[in-house]
Amino acid sequence: MQQTAMTLASETGDDWWEVEALYDLCFAPGRSALSSYRLRDGVDPIASLCLTARDADGILGGAVRNWPVRVGPVDAVLLGPIAVHPTRQGEGVAALLMQACLTKAVEDGHERIMLVGDAPYYARFGFQRLDNVIMPTPTNPARVLGAALGADAWKGVSGPVTSMRD
(Lines give C-alpha, C1' and ligand atoms only; values in the text may rest on other atoms or scores of the structure.)
Protein backbone atom coordinates (compact mmCIF):
# COMPACT_ATOMS: atom_id res chain seq x y z
CA MET A 1 0.00 0.00 0.00
CA GLN A 2 1.37 3.37 -1.01
CA GLN A 3 0.61 6.19 1.44
CA THR A 4 -0.55 9.27 -0.39
CA ALA A 5 -0.33 12.90 0.73
CA MET A 6 -3.78 13.93 1.92
CA THR A 7 -4.93 16.84 4.02
CA LEU A 8 -7.49 16.05 6.69
CA ALA A 9 -10.05 18.63 7.74
CA SER A 10 -13.33 18.77 9.60
CA GLU A 11 -16.27 18.42 7.27
CA THR A 12 -18.08 21.70 6.68
CA GLY A 13 -21.51 22.51 5.34
CA ASP A 14 -19.89 23.27 2.00
CA ASP A 15 -18.54 19.68 1.89
CA TRP A 16 -21.90 18.01 2.54
CA TRP A 17 -23.09 17.36 -1.03
CA GLU A 18 -19.65 16.27 -2.19
CA VAL A 19 -19.38 13.82 0.71
CA GLU A 20 -22.89 12.52 0.00
CA ALA A 21 -21.93 11.99 -3.66
CA LEU A 22 -18.87 10.02 -2.52
CA TYR A 23 -21.03 7.81 -0.29
CA ASP A 24 -23.46 7.24 -3.18
CA LEU A 25 -20.55 6.26 -5.43
CA CYS A 26 -18.97 3.89 -2.91
CA PHE A 27 -22.05 2.22 -1.44
CA ALA A 28 -25.16 0.57 -2.82
CA PRO A 29 -27.99 2.88 -3.85
CA GLY A 30 -30.06 1.59 -0.93
CA ARG A 31 -27.43 2.51 1.67
CA SER A 32 -29.85 4.71 3.58
CA ALA A 33 -32.12 1.71 4.11
CA LEU A 34 -29.50 -0.02 6.28
CA SER A 35 -30.32 -0.40 9.97
CA SER A 36 -27.41 1.83 10.96
CA TYR A 37 -29.12 4.71 9.18
CA ARG A 38 -32.15 4.36 11.47
CA LEU A 39 -29.79 5.15 14.35
CA ARG A 40 -28.70 8.33 12.53
CA ASP A 41 -32.13 9.65 11.51
CA GLY A 42 -32.89 12.94 13.21
CA VAL A 43 -29.55 13.00 15.05
CA ASP A 44 -26.69 15.33 14.25
CA PRO A 45 -23.33 13.67 13.63
CA ILE A 46 -20.45 14.40 15.99
CA ALA A 47 -19.00 17.37 14.11
CA SER A 48 -15.44 16.98 15.42
CA LEU A 49 -15.41 13.38 14.16
CA CYS A 50 -16.63 14.11 10.63
CA LEU A 51 -13.54 14.37 8.47
CA THR A 52 -12.60 14.81 4.85
CA ALA A 53 -9.37 13.82 3.12
CA ARG A 54 -8.33 15.92 0.12
CA ASP A 55 -5.33 15.70 -2.16
CA ALA A 56 -3.02 18.61 -3.05
CA ASP A 57 -5.51 19.75 -5.71
CA GLY A 58 -8.37 19.85 -3.20
CA ILE A 59 -10.08 16.79 -4.67
CA LEU A 60 -12.04 14.74 -2.14
CA GLY A 61 -10.39 11.35 -1.71
CA GLY A 62 -12.25 10.12 1.35
CA ALA A 63 -14.60 11.00 4.16
CA VAL A 64 -15.89 9.67 7.44
CA ARG A 65 -18.77 10.58 9.72
CA ASN A 66 -19.46 9.48 13.30
CA TRP A 67 -22.68 9.49 15.29
CA PRO A 68 -23.65 9.34 18.95
CA VAL A 69 -25.57 6.22 19.99
CA ARG A 70 -26.37 4.33 23.17
CA VAL A 71 -25.57 0.73 23.94
CA GLY A 72 -27.93 -0.21 26.72
CA PRO A 73 -27.58 2.74 29.11
CA VAL A 74 -24.10 3.93 28.03
CA ASP A 75 -22.97 6.31 25.31
CA ALA A 76 -20.89 5.20 22.36
CA VAL A 77 -19.72 6.51 19.01
CA LEU A 78 -20.95 4.79 15.85
CA LEU A 79 -18.23 5.15 13.24
CA GLY A 80 -19.33 5.37 9.67
CA PRO A 81 -19.90 5.67 6.97
CA ILE A 82 -16.27 5.81 5.90
CA ALA A 83 -15.56 5.89 2.19
CA VAL A 84 -12.62 6.31 -0.16
CA HIS A 85 -13.01 7.32 -3.79
CA PRO A 86 -12.33 4.30 -6.05
CA THR A 87 -9.39 6.09 -7.68
CA ARG A 88 -7.72 6.54 -4.24
CA GLN A 89 -8.30 3.05 -2.83
CA GLY A 90 -5.17 1.20 -1.79
CA GLU A 91 -3.36 4.43 -0.91
CA GLY A 92 -3.99 4.34 2.85
CA VAL A 93 -6.70 7.01 2.86
CA ALA A 94 -9.11 4.92 4.95
CA ALA A 95 -6.39 4.14 7.48
CA LEU A 96 -5.51 7.82 7.71
CA LEU A 97 -9.15 8.74 8.35
CA MET A 98 -9.59 5.90 10.84
CA GLN A 99 -6.52 6.82 12.88
CA ALA A 100 -7.55 10.48 12.92
CA CYS A 101 -11.05 9.54 14.15
CA LEU A 102 -9.71 7.35 16.92
CA THR A 103 -7.22 9.99 18.06
CA LYS A 104 -9.81 12.77 18.00
CA ALA A 105 -12.41 10.62 19.78
CA VAL A 106 -9.95 10.04 22.63
CA GLU A 107 -9.11 13.76 22.75
CA ASP A 108 -12.83 14.57 22.91
CA GLY A 109 -13.29 12.19 25.86
CA HIS A 110 -15.25 9.43 24.17
CA GLU A 111 -14.78 6.05 25.86
CA ARG A 112 -15.97 3.59 23.25
CA ILE A 113 -16.43 3.44 19.51
CA MET A 114 -18.19 0.86 17.38
CA LEU A 115 -18.93 0.07 13.77
CA VAL A 116 -20.41 -2.55 11.50
CA GLY A 117 -17.69 -4.00 9.32
CA ASP A 118 -15.19 -6.67 8.40
CA ALA A 119 -13.41 -7.91 11.56
CA PRO A 120 -10.10 -8.87 9.87
CA TYR A 121 -9.75 -5.39 8.35
CA TYR A 122 -10.70 -3.37 11.44
CA ALA A 123 -8.73 -5.52 13.92
CA ARG A 124 -5.58 -3.57 13.04
CA PHE A 125 -7.24 -0.49 14.54
CA GLY A 126 -8.13 -2.28 17.77
CA PHE A 127 -11.69 -3.32 16.90
CA GLN A 128 -13.04 -6.68 17.98
CA ARG A 129 -16.39 -8.40 17.94
CA LEU A 130 -18.96 -7.18 20.47
CA ASP A 131 -20.88 -10.34 21.30
CA ASN A 132 -23.37 -8.73 23.70
CA VAL A 133 -24.11 -5.60 21.68
CA ILE A 134 -27.18 -5.88 19.49
CA MET A 135 -27.57 -3.72 16.41
CA PRO A 136 -31.03 -3.36 14.88
CA THR A 137 -31.92 -6.13 12.45
CA PRO A 138 -30.94 -7.28 9.89
CA THR A 139 -27.32 -6.57 10.93
CA ASN A 140 -25.03 -9.61 10.97
CA PRO A 141 -23.88 -9.93 14.63
CA ALA A 142 -20.41 -11.07 13.52
CA ARG A 143 -19.88 -7.63 11.95
CA VAL A 144 -20.67 -5.61 15.10
CA LEU A 145 -17.23 -4.44 16.27
CA GLY A 146 -15.96 -2.11 18.94
CA ALA A 147 -12.76 -0.53 20.18
CA ALA A 148 -12.15 0.65 23.72
CA LEU A 149 -10.83 4.20 23.85
CA GLY A 150 -10.24 3.91 27.58
CA ALA A 151 -9.32 1.05 29.87
CA ASP A 152 -12.02 -1.64 29.85
CA ALA A 153 -14.49 0.73 28.20
CA TRP A 154 -16.53 -2.14 26.74
CA LYS A 155 -16.31 -4.34 29.85
CA GLY A 156 -19.80 -5.21 30.98
CA VAL A 157 -21.45 -3.15 28.24
CA SER A 158 -24.30 -5.00 26.59
CA GLY A 159 -27.71 -4.51 25.12
CA PRO A 160 -29.36 -3.00 22.13
CA VAL A 161 -27.85 -0.11 20.19
CA THR A 162 -30.34 2.74 20.15
CA SER A 163 -30.50 6.21 18.70
CA MET A 164 -29.77 9.24 20.86
CA ARG A 165 -33.21 10.55 19.89
CA ASP A 166 -34.94 7.62 21.69
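What comes next concerns the included structure. Keep in mind that this is a model prediction, so the values were computed, not measured. (Residues numbered from 1 in each chain as written. Predicted model: local features only at pLDDT ≥ 70, side-chain atom pairs only at ≥ 80, totals over all residues. Heavy atoms only, no water.)

**Some thoughts on unusual backbone geometry**
Here is step 1 of the chain: Gly80 connects to Pro81 through a cis peptide bond whose omega is 5 degrees.
Here is step 2 of the chain: Tracing the backbone shows Pro81 in strand 4 (residues 74-84).
Here is step 3 of the chain: A cis amide bond, omega 10 degrees, links Thr137 with the succeeding residue Pro138.
Here is step 4 of the chain: Structurally, the position occupied by Pro138 is in the loop between strand 7 (133-134) and strand 8 (144-148).
Here is step 5 of the chain: Positive phi outside glycine occurs at Asp152, with the angle close to 55 degrees.
Here is step 6 of the chain: Structurally, the position occupied by Asp152 is in the loop between strand 8 and strand 9 (159-163). (Helix = DSSP H or I, 4+ residues; strand = E, 2+ residues; numbered from the N terminus.)

**What about the packing of aromatic side chains?**
Here is step 1 of the chain: Per the stated rule, a full pass over the model turns up 5 aromatic pairs.
Here is step 2 of the chain: Taken together, a centroid distance of 4.8 Å and an interplanar angle of 85 degrees make the contact between Tyr121 and Tyr122 edge-to-face.
Here is step 3 of the chain: Given a relative accessible area of 31%, Tyr121 falls into the partly exposed group.
Here is step 4 of the chain: Overall, Tyr122 belongs to the buried group, its relative accessible area being 13%.
Here is step 5 of the chain: The rings of Tyr121, Tyr122, Phe125 and Phe127 are connected pair by pair, giving a single aromatic cluster.
Here is step 6 of the chain: A cation over a ring is seen here: Arg112 above Trp154, with NZ or CZ 6.0 Å from the ring centre. (Phe/Tyr/Trp six-rings, centres within 6.5 Å; stacked < 30°, edge-to-face > 60°. Buried < 20%, exposed > 50% of the residue type's maximum accessible area, 1.4 Å probe, protein only. Lys NZ or Arg CZ within 6 Å of the ring centre and 35° of its normal.)

**Details of the nonpolar core**
Here is step 1 of the chain: In this structure, Leu79, Met98, Ile113, Tyr122 and Phe127 are the most contacted members of the largest nonpolar core, which totals 26 residues.
Here is step 2 of the chain: Every element with two or more residues in this core is listed here: strand 2 (51-54), strand 4, helix 3 (93-107), strand 5 (112-116) and strand 8.
Here is step 3 of the chain: No other element matches the 8 residues that helix 3 contributes to this core.
Here is step 4 of the chain: Apart from residues lying up to four places away in sequence, Leu79 is in contact with Val64, Arg65, Asn66, Met98, Cys101, Ile113, Met114 and Leu115.
Here is step 5 of the chain: Of all hydrophobic cores here, the second largest spans 14 residues; its members include Trp67, Val69, Met135 and Val144. (Core = buried A, V, L, I, M, F, W, Y, C linked by side-chain atoms within 4.5 Å. Contact = heavy atoms within 4.5 Å.)

**Looking at helix 1 (residues 16-26)**
Here is step 1 of the chain: Buried within helix 1 are the following residues: Val19, Glu20, Leu22 and Tyr23. End-on view of helix 1: buried residues confined to an arc of 155 degrees, all on one side of the axis.
Here is step 2 of the chain: Where the residues of helix 1 are buried, they touch strand 2, strand 3 (60-71) and strand 4. (Arc of directions from axis to C-beta.)

**Concerning the pattern of salt bridges**
Here is step 1 of the chain: Taken as a whole and assessed by the stated rule, the structure comprises 11 salt bridges.
Here is step 2 of the chain: Between Asp75 and Arg70 there is a salt bridge whose closest N-O contact spans 3.9 Å.
Here is step 3 of the chain: Taking the relative accessible area as the measure of exposure, Asp75 reaches 46% and is therefore partly exposed.
Here is step 4 of the chain: Connected through shared salt-bridge partners, Glu11, Glu20 and Arg65 make up one network. (Salt bridge = Lys/Arg side-chain N within 4 Å of Asp/Glu carboxyl O.)

By themselves, these observations are geometric and do not establish any function.
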